[in-house]
Amino acid sequence: MTTLPNVTRRGAMALAAGALALGLAGPAAAEVDFSGKTIEWIIPFSAGGGSDTWARFNAPLMSKYLPGNPTVVVVNEPGGGSTKGTNLFAARAKPDGLTILGTSGSTQFPYLLGDPRVRYEYKDWKIAMAGPTGGVVYTTPALGLKGPEDIAMLKGKELVYASQGATSLDLVPLLGFKQMGFTVQHVFGFKGRGDGRLAFERGETNIDYQTSSAYIKNVQPLVDAGTAIPLFSWGVLDAAGNVVRDPTFPDLPSFPEAYQTLTGAAPSGPDYDAYVAFFTAGFPAQKMVFLPKDTPDDIVDAYQAAFEAMKADPEYQANAESVLGTYEQVTGPLAQALFDKGTTIAPELRKQVAEMLANDYGVKLGEE
């Protein structure tokens, strides 16, 4: 399996020369001028989730560094497990740089699995930036747990999880919880992870996860108040392709560590292989920014140059880790490599998961 280094903000110095090497600040980019323009950044999720938090952090900095300092507006278009807003972008966005799309694993998974709602083709787009992320699973103290070491107390409990759908990024917790042997009712149809968190806060669910940016912003205060108990992070990939502890959450066990605490053995077997495959597709390339396929190269270059320039901004450097975690947002060949990794899955693992979804959840992929 082709592996990539774990891209974190702590590894940023290794990427610092990338912008110059890629020619991102060349003359072509300088010819682009967005003066007086408004750029719509389509986020196919509801407000308050990880993608929304990520976009709203980046948007004002993009405005500052794109040529002509345009206004960058985040537009939430939730629905269909993120396929609704993504289909709209695919159908309507013009190659003029004035509409961009932010995707996540919840946009990639329906594409990978052949979800009939998908009307978009990733290969039709040009990538401007990719950002890895992680995520943390948490539960309610009402179940009696005090910390990650008590995870075995969840065995046999009736757990309820608010899901965007079986082919969304929520496939990762579905596969993970199944691997752990938890009894979980996955309530499908939520429009975003932010909606899932609100359901948890209302007491309608008792287990949830949020991607790192949303966890840091919206769940850590619940943990501090004693109304949420963190269990584990999904982890990150090391250079050898192993799932290891997430440096953004160094005090929390990774999924494999939590599994071993729960069962006394390291995870293995076909179900774990499927989990790792979709975790890999969904998290190392979790957040990506795209432009339509016919967008001129000078506009793409201008976006990439803006993303590189904003990372040197004092405001970005002061706040990125507290908002996004330790993950580095990247451009150029590394972004392309993450893009390729996030939109590719082994056919046999795709078949295995599709059959599981059909047999266990009645999800018939490829059927209207």
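I will try to describe carefully the structure that is included in this document. (Residues numbered from 1 in each chain as written. Predicted model: local features only at pLDDT ≥ 70, side-chain atom pairs only at ≥ 80, totals over all residues. Heavy atoms only, no water.)

1. Quick word on helix α8 (residues 212–225)
Using the following cut-off: Starting at the N terminus, helices and strands are each numbered in turn, a helix being any DSSP run of H or I of at least four residues and a strand any DSSP run of E of at least two. Residue count minus one, scaled by 1.5 Å, sets the expected span of a helix. Note that bend, as reported per residue, equals the angle between axes fitted to the 7 residues terminating at that residue and the 7 residues originating from it. Here a residue-residue contact requires only that any non-hydrogen atoms of the pair lie within 4.5 Å.
Given a rise of 1.5 Å per residue, 14 residues ought to cover 20 Å, and the 19 Å separating the end C-alpha atoms of α8 matches this to within 8%. Along α8, the helix axis deviates most sharply at Val 219, where the bend reaches about 45°; the proline Pro 221 sits within four residues downstream. On its buried face, α8 is in contact with α3 (50–65), β5 (135–139), α7 (193–201), β8 (207–211), β9 (229–233) and α12 (314–324).

2. Quick notes on the sheet that holds strand β1 (residues 38–43)
By definition, the strands of a sheet pair up through backbone hydrogen bonds, in either a parallel or an antiparallel sense. For clarity, the cut-off: DSSP calls a pair of strands paired once it identifies at least 2 bridges connecting them. The axes are straight lines fitted to the C-alpha atoms, using for helices just the contacting stretch, and the angles between their N-to-C directions are given from 0 to 180°.
Strand order in the open sheet formed by five strands is β2-β1-β3-β12-β4, and the pairing between neighbours is mixed. Two strands close off the open sheet at either side, each with one partner strand: β2 (71–76) and β4 (125–131). Pairwise comparison of adjacent strand axes, ignoring direction, gives a mean angle of 25° for this sheet. Both strand β3 (residues 99–103) and strand β12 (residues 287–292) contribute to a ladder of three bridges, which runs antiparallel. When the bridges of β12 are listed, Thr 103 appears paired with Met 288. Packing against the sheet, helix α11 (residues 297–310) makes contact with β1, β3, β4 and β12, and its axis sits at approximately 5° to β4. Contacts from helix α13 (residues 332–342) reach β4 and β12 within the one sheet, and its direction differs from that of β4 by about 100°.

3. With respect to the pairing of β8
Put simply, the rule reads: Burial classification: accessible surface area is computed with a 1.4 Å probe over protein chains only, and a residue below 20% of its type maximum counts as buried, one above 50% as exposed, and the rest as partly exposed.
Counting buried positions along β8 gives five out of five residues, so the element sits mostly inside the fold. Neither face of β8 is exposed, since Ile 207, Tyr 209 and Thr 211 on one face and Asp 208 and Gln 210 on the opposite face are all buried. Sheet topology places β5 next to β8; five bridges connect them, and they run antiparallel. Bridge assignment links Val 137 to a residue of β8, and that residue is Tyr 209.

4. Some points on empty space enclosed by the protein
Once rolled over the atoms, a probe with the size of a water molecule shows which space is left empty. Inclusion rule: Put plainly, a pocket is an open set of points on a 1 Å grid over the protein atoms alone with protein on both sides within 12 Å along at least five of seven lines, a cavity is a set where a 1.4 Å probe fits but cannot get out, and a lining residue has an atom within 4 Å of a point. Grid points are joined across faces, edges and corners, and a volume is the space filled by probe spheres set on the points. Each residue is assigned to one of three groups, with Ala, Val, Leu, Ile, Met, Phe, Trp, Tyr, Cys and Pro labelled nonpolar, Asp, Glu, Lys and Arg labelled charged, and all others, Gly among them, labelled polar.
Tallied over the entire structure, the rule returns three cavities of 30 Å³ or more. A volume near 100 Å³ is recorded for the second largest cavity. Elements supplying a minimum of two residues to the lining of the second largest cavity: α3, α7 and β8. Considered class by class, the residues forming the lining of the second largest cavity number three nonpolar, 11 polar and two charged.

5. Here's the deal with the packing of helix α6 (residues 171–180) against helix α10 (residues 270–282)
Where we set the bar: Roughly parallel means an angle under 35 degrees; roughly antiparallel means over 145; roughly perpendicular covers 65 to 115; every other angle is labelled oblique. In a left-handed crossing the near helix is turned counterclockwise from the far helix by less than a right angle, and in a right-handed crossing that turn is clockwise.
At a closest axis distance of 9 Å, the pairing of α6 and α10 adopts a crossing angle of 155°. As summarised for this structure, α6 and α10 are arranged roughly antiparallel, according to the angle between their axes. In the packing of α6 onto α10, the handedness of the crossing is left-handed. When α6 is examined against α10, the residues Leu 171, Val 172, Leu 175, Gly 176 and Gln 179 are found in contact with a partner set consisting of Asp 271, Tyr 272, Ala 274, Tyr 275, Phe 278 and Phe 279. Partitioning the contact of α6 with α10 into residue classes produces eight nonpolar, two polar and one charged.

Just geometry here; none of it tells us what the structure is for.
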